[in-house]
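Reading the structure
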Amino acid sequence: MRSVLSRLIIAILIIFIGITLNAQGVIKGIVSDSTSAKPLFGSNCVLIGTALGSATNFEGEFRIPNIEPGSYLLRVSYIGYVTKEFNVTVLENRTTELNVELVADILEGETVVITAQASGQAAAINQQLSSNTIVNVVSEAKIQELPDANAAEAIGRLPGVSIIRSGGEANKILLRGLSDQYTSITIDGVQIPSTDATGRGIDLSTISQGSLAGIEIFKALTPNKDADAVAGSVNLVTKKAPSKRMIRGVFRGGYNGLENSYNQYDFSLRYGERFFDDLLGVQLSGNLEDKIRSSESYSISYDRSKNNQTDYFINQFQIIYSDENRTRRGIGVILDYETPDDGNMKFNNQFYSTQRDYITHQRDYPNGGGHSQYGSGVTYTYRDREQDIKTFSSALTGENHLFGFDIDWGLSYAESISDFPYDYTMEFSEGSRQGTAGMAPPPADLKSNPEVLIDYAYNNFVSATLGGAFYRTQNNFDKNNSIFIDILKEYSLSKGLSGEIKFGGKYKTKSKTNKASLTYGPYYVNKWRPYDLLSDGTTAPKDFTGTSFEEFYNYYLENPANNLPSFSYFLDDDPKNRELYDKYDMYPLVNRDLLREWYDLNKDGIGASGSLNQLEYFDVGTAHANDYDISESVSSVYLMNTLNIGQDLVLLTGLRVEQENNDYKNKFSFRRYASFPASDFQLDDTTSSYSETIWLPNIQLNIKATDYLNVRLAAFRALARPDFIMRLNTFFAFRDPFTGSSQELILGNPILKTAKAWNFEINASFFGNEIGLISLSAFYKRIDDMYHMLNRINTSDTTLIRSLGLKADPLHQTTYQLTVPYNSPKPTELWGFEFEHQMNMTFLPGFLKNFVISYNASLVKSETTLIGVVTDTTYTEVEILPGVIILNPEYSQRPVETKQRLEEQPELFGNVSLGYDDGAFSVRLSFFHQTEYNMSFSPDGRSDRINGSFTKLDMIMKYQFTDNISVQLNANNLTNLEEEDFLDDKVNGYKIPRNSSRYGLTADLGIRIDL
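Residues numbered from 1 in each chain as written. Predicted model: local features only at pLDDT ≥ 70, side-chain atom pairs only at ≥ 80, totals over all residues. Heavy atoms only, no water.

**A closer look at the overall build of the protein**
Just so we agree on the cut-off: Secondary structure elements follow DSSP: runs of H or I of four or more residues count as helices, runs of E of two or more count as strands, with numbering from the N terminus. Our radius of gyration is a C-alpha quantity, and the globule rule it is checked against amounts to 2.2 Å times the number of residues to the power 0.38. The cut-offs for exposure are 20% and 50% of the maximum accessible area for each residue type, with area from a 1.4 Å probe on protein chains only; residues under the lower value are buried, those over the upper are exposed, and the others partly exposed. Contacts are residue-level and defined by heavy atoms, with any inter-residue pair within 4.5 Å sufficient. In short, Shrake-Rupley with a 1.4 Å probe defines the accessible areas, and a residue's cover is counted only from the protein chains shown. Charged-residue counts in this description rest on Lys and Arg as positive and Asp and Glu as negative, His and the chain ends being excluded. To locate a charge, take NZ of a lysine, CZ of an arginine, CG of an aspartate or CD of a glutamate.
A tally of helices and strands in the protein yields 8 helices and 55 strands. Radius of gyration (C-alpha) of the protein: 32 Å, near the 30 Å computed for a compact globule of 1011 residues. For the protein, the spread of C-alpha atoms along the principal axes amounts to about 105 × 70 × 60 Å. Across the 1011 residues of the protein, 55% fall into the buried class. For the protein, the share of sequence-separated contacts (at least 6 apart) that also reach a separation of at least 24 residues comes to 71%. Counting only carbon and sulfur atoms, one obtains 53% of the accessible surface of the protein, whose full area is about 41600 Å². Counting 92 positive and 125 negative side-chain charges, the protein places the averaged centre of each group 4 Å from the other.

Here's what the structure looks like:
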């Protein structure tokens, strides 16, 4: 492969050297609004009668090089503004500067002032039109005008984007129906490392969108972009410091309707200025947010074995209250320097963090099997958690013009940390004692209204005792390094034929580690221990003197046989309660400090003998199944040519080659026992490696059919690398350490291939000052080697394992639950349609000219092939007694293939945004909807999980007191929606509710000051 790449590089260099160019002149300048002096990003600047032109960047700058000396007519256009034309003389080896001010389109003799909402929308429209590829944009002005909680929600406004929510706000995006790991997320082209422990996804709720100058979604990749983006690529944009000093502060206080609390705030500060005759730019930004993200939930469990597994009844109802605070911090430092070659260097540093601090109160109301005359016990569960997510990126990049070439270069470092510094769960069991504790006999055959079970609980908290406790840790660290160079040469073959040829290479490395642990205290079998294991290996009696549990310890000394603490020890003297959904009484709420105190006092507990099998908390080895240390490297080169045929036709062709070399280290367990491997296994180290070279051709065509119609066609190949845990050389075989019943086998797949996709797309854009932008897209993706995870499928031999090409170590002939990743045996197909309309009503008379509207809708379909097993039964006659013959069944399994749509893929989703500006006042309503989708599919079709449809309505109101001061009110989730998921049994034809959560309305009121 290295020799192939070397030959390709030499051939490309020969092509570059062989290009002869006569044009020597350059035209450059800035396009801005005549009233506000704001740069107009995406302005189209062309030389009439030639194929030469340029679009302005985020600073409103344009540059047209390689122009033959002579006189030209320069046309500058921008949707919503009056087009201007200028006579320009170009001199050999000279740069002509021309700064252009455009005025808003004129109606009935009056100049229309472009408002903030309209200018934000116009910027997005013009950037999309000026791009040679298929892109959607959220401009800086539009970001500021939307009441979004974070960057994920801002991206979710664009066509083709659906969202996954966590804690009442979006945290991940799904682009064109594909899960988040199929989308590349970058900041100014620097890829953000994954924040997931096992996958390649990124939690975008960490990033505050207020620090961004724009968001770009590239639906069609070009050869100069990283190819690991089957769904597309999202670029979060920052820009150079402004020529005039800019200081902006936003200060907000917030309200949370679920908690009826005003204890929220959001501060952000941004500063930018240029020094030394505008050569050096400095930007500093920071934000600090503290938001309430509490939730109320309920969950329903079912016994589905009734009538030979054809019917069901409710066997448990759980109510859950999560008390959460979420704190975000962000710091940005950007330095940029204008180089003497008319280029620029940028040193960009961005740090974002999110801290989640929450405790979950859960209470179970069991149905006792649905027919028990004695009732059943009740469980109280409390989980106290802290989570830290941090991302940091630092990049030095340059755009230079040297020796007749445009050279873009850069080197970067980025890292992410996802850590749970504290995660402790305690379970209390109130055993069933008829008439005094647990549950009274509940109704039989309950199929709906599970809340009636609450009335059958005795709430005997003194009778409830500690049943079990878990302490979890997890630390995930992802580090990326990259270096790249792009060399571009523009050429002009004639007045009507010009273009650019671009060659580049990139080398990037990734180091990622994941470490997890789980310790379990099985108190239900009298595992409270009265001694501490000291650091020197000796033991000493526990000392509870002066603690909240001194009374319990003294009681234990008098009654050694009763060594389980009562639930009442963990409650306030007057326990708090909470009414969920305005009808379910969550009583009591546990005292969080007492949970932590108990763990601190007992985490090193041990029996009097000091034997390790007398530990109060023992390590659960299965928690290490996803521990790993991974090293990945990707080398890539590309060549692309953009050919302009006049001003109406652009043909882009290119080829990218990527080679990946990966090494994996992880843990495995291969200890065996009499029947099936047990849970107390020994951990050993193992390694695996993987390498693959992938060729990625690309062709795109942009046809400017008329003055108001663009048609874009694209065909290109992209790829998707599997999640990190999938290629591990994993073998974990065990019984469930808590129930002792379920037998599990977790396998990795070191030969798992990278998924490759052919992407085809057609996009038509209709545009004009009056209609704005109407965009229609149709796309089709054919994905080979799509990877899936087979989750806990029932099997009893090695047939399925061998069918995947994996070595199957002999297992005992007994049923077990198999989890293993695999490549789909047949291509996965995905297709869809997108519609978008953005429009400013400035051409209408009267108050109608103040409206701004945008709306989009996406329809996505897919079909993928999954594997599973079916059991065949054959019967043979066996004579057990003379003349007595029975049919003896014999079972065998064989792999089967099934087709279904992809997971996490709503079929229909869209946005509507309606804004109105009247002088200093503006208001905007934003509506988002997505239909239900499958979160997971079960191998037998009886337990599919469906996420319910989701509809959200937000509002923002703003009043501009002066040019420098404005007040803004944001309101999110006006409909106070409930988020639901369901269990779908396709075999028996019923869909039943599983979970529901609600987060309440949130609002914030703030002031923005621009100096």
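**Considering the sheet that holds strand E6 (residues 84-90)**
Our working rule: The pairing criterion for strands is at least two bridges between them, as found by DSSP. To get an axis, a line is fitted to the C-alpha atoms, and for a helix only the part in contact is used. The angle between two axes follows their N-to-C directions and goes from 0 to 180 degrees.
Pairing in this open sheet of 4 strands is antiparallel, and the strands run E3-E2-E5-E6 from one edge to the other. In the strand order of this sheet, the two ends are held by strand E3 (53-55) and E6, each with one partner. Within the sheet, the average angular offset between the axes of one strand and its neighbour, ignoring direction, is 20°. Summarising the sheet, strand E2 (residues 44-47) and strand E5 (residues 70-77) pair through 4 bridges and their orientation is antiparallel. For Val-46, the partnering residue across the bridge sits in E5 and is Arg-75.

**With respect to the pairing of strand E23 (residues 343-366)**
Burial analysis of E23 places 19 of its 24 residues in the buried class, the great majority of the element. The sheet contact formed by strand E22 (residues 311-339) and E23 spans 24 bridges and is antiparallel. Looking across to E23, one finds that Asp-323 is bridged to Ile-359. The hairpin formed by E22 and E23 contains 3 residues between the paired strands, and Asp-342 there has a positive phi angle of roughly 70°. Looking at chain direction, E23 and strand E24 (residues 378-402) are connected through 21 bridges and run antiparallel. Of the residues in E24, the one forming a bridge with Phe-347 is Leu-396.

**Some thoughts on the environment of Ser-162**
Along the polypeptide, Ser-162 turns up in strand E12 (residues 161-166). Look past the residues within four positions of Ser-162 in its chain and what remains in contact with it is Lys-172, Ile-173, Leu-174, Pro-906, Phe-909, Phe-928 and Gln-930.

**Here we look at the packing of aromatic side chains**
Describing an aromatic ring pair means giving the distance of the ring centres and the angle of the ring planes. We apply this condition: Aromatic contacts are taken between Phe, Tyr and Trp rings whose centres are within 6.5 Å, Trp giving its six-membered ring; a plane angle under 30 degrees counts as stacked, one over 60 as edge-to-face, and the others as tilted. Lysine and arginine charges are scored as sitting over a ring when NZ or CZ, respectively, is within 6 Å of the ring centre and within 35 degrees of the ring normal.
Counted according to the given criterion, the structure contains 50 aromatic pairs. Pairing Tyr-255 with Tyr-262 gives two aromatic rings, centres 4.8 Å apart and planes at 45°, and the pair type is tilted. Judged by its relative accessible area of 65%, Tyr-262 is exposed. On the basis of an interplanar angle of 65° and a centroid distance of 6.2 Å, the ring pair of Trp-528 and Phe-544 is categorised as edge-to-face. Residue Trp-528 is found in the loop between strand E27 (497-521) and strand E28 (531-533), and its partner Phe-544 is found in the loop between strand E29 (539-541) and helix H6 (550-558); the two are separated by 16 residues along the sequence. Residue classification places Phe-544 among the buried residues on the basis of a relative accessible area of 2%. Residue placement shows Lys-489 over the ring face of Phe-405; its charged tip is 4.9 Å from the ring centre. The cationic tip of Arg-998 hangs over the ring face of Tyr-581; the distance from NZ or CZ to the ring centre is 5.1 Å.

**Considering the confidence of the model for the protein**
So the rule is basically this: pLDDT measures the predictor's confidence residue by residue and takes values from 0 up to 100.
Mean pLDDT over the protein: 86, with 92% of residues reaching 70 or higher. In the model of the protein, strand E9 (residues 106-107) stands out as the element of lowest mean pLDDT, 48, in contrast to helix H7 (residues 592-602), which has the highest, 96. This model gives residues 370-374 a pLDDT under 50, and the stretch forms 14 contacts once residues within four places in sequence are excluded. Confidence drops under pLDDT 50 across residues 673-679; counting only partners more than four residues distant or on other chains, this segment forms 24 contacts.

**Section: unusual backbone geometry**
Here the amide bond leading from Tyr-587 into Pro-588 is cis, since omega sits at 0°, within 30 degrees of zero. Relative to the assigned elements, Pro-588 resides in strand E31 (residues 584-589). You will see that Asp-278, though not glycine, has its phi angle at about 65°, which is positive. Its location among the elements puts Asp-278 in the loop between strand E19 (261-275) and strand E20 (280-292).

**Thoughts on the nonpolar core**
The following threshold applies: Put simply, a nonpolar core is a bunch of buried Ala, Val, Leu, Ile, Met, Phe, Trp, Tyr and Cys residues held in one set by side-chain atoms that sit within 4.5 Å of each other.
One finds Phe-317, Tyr-424, Met-426, Phe-567, Phe-570 and Trp-598 to be the most contacted residues of the largest nonpolar core, which totals 52 residues. Excluding residues within four positions of it along the chain, Met-426 makes contact with Tyr-380, Thr-381, Tyr-382, Leu-466, Gly-468, Ala-469, Phe-570, Leu-595 and Trp-598.

**Thoughts on H7**
Note the threshold: Note: the arc covers the axis-to-C-beta directions of the helix. Definition of a polar contact: a pair of N or O atoms within 3.5 Å, with one able to donate and the other able to accept a hydrogen when the atoms are protein atoms, and with sequence-neighbouring residues admitted only if both atoms are side-chain atoms.
Turning to H7, its buried residues number three or more, namely Leu-594, Leu-595, Trp-598, Tyr-599, Leu-601 and Asn-602. Here the buried residues of H7 occupy an arc of 165° about the axis, which is enough to place them on one side. Near the N-terminus of H7, the side chain that reaches the backbone nitrogen of Asp-593, with its oxygen 2.9 Å away, is that of Asn-591.

**What to know about the sheet that holds E28**
Read across the open sheet, the 3 strands follow the order E29-E28-E32; overall the sheet is antiparallel. Every other strand in the sheet has two partners, leaving E29 and strand E32 (605-606) as the edge strands with one partner each. Alignment of E28 against E32, held across 2 bridges, turns out to be antiparallel. Among the inter-strand pairings, Asp-532 is bridged to a residue of E32, identified as Gly-605.

**Digging into the side chain of Thr-819**
Note that Thr-819 resides in strand E43 (residues 816-823). On the basis of relative accessibility, which here comes to 12%, the residue Thr-819 falls in the buried class. Apart from residues lying up to four places away in sequence, Thr-819 is in contact with Leu-745, Ile-746, Leu-747, Met-789, Leu-790, Asn-791 and Arg-792.

**Some points on H6**
Regarding H6, the residues found buried are Phe-552, Tyr-553 and Tyr-556. The arc that holds the buried residues of H6, viewed along the axis, is 100°, so those residues lie on one side. The outward face of H6, more than 90 degrees from its buried face, is lined by the exposed residues Glu-551, Leu-557 and Glu-558.

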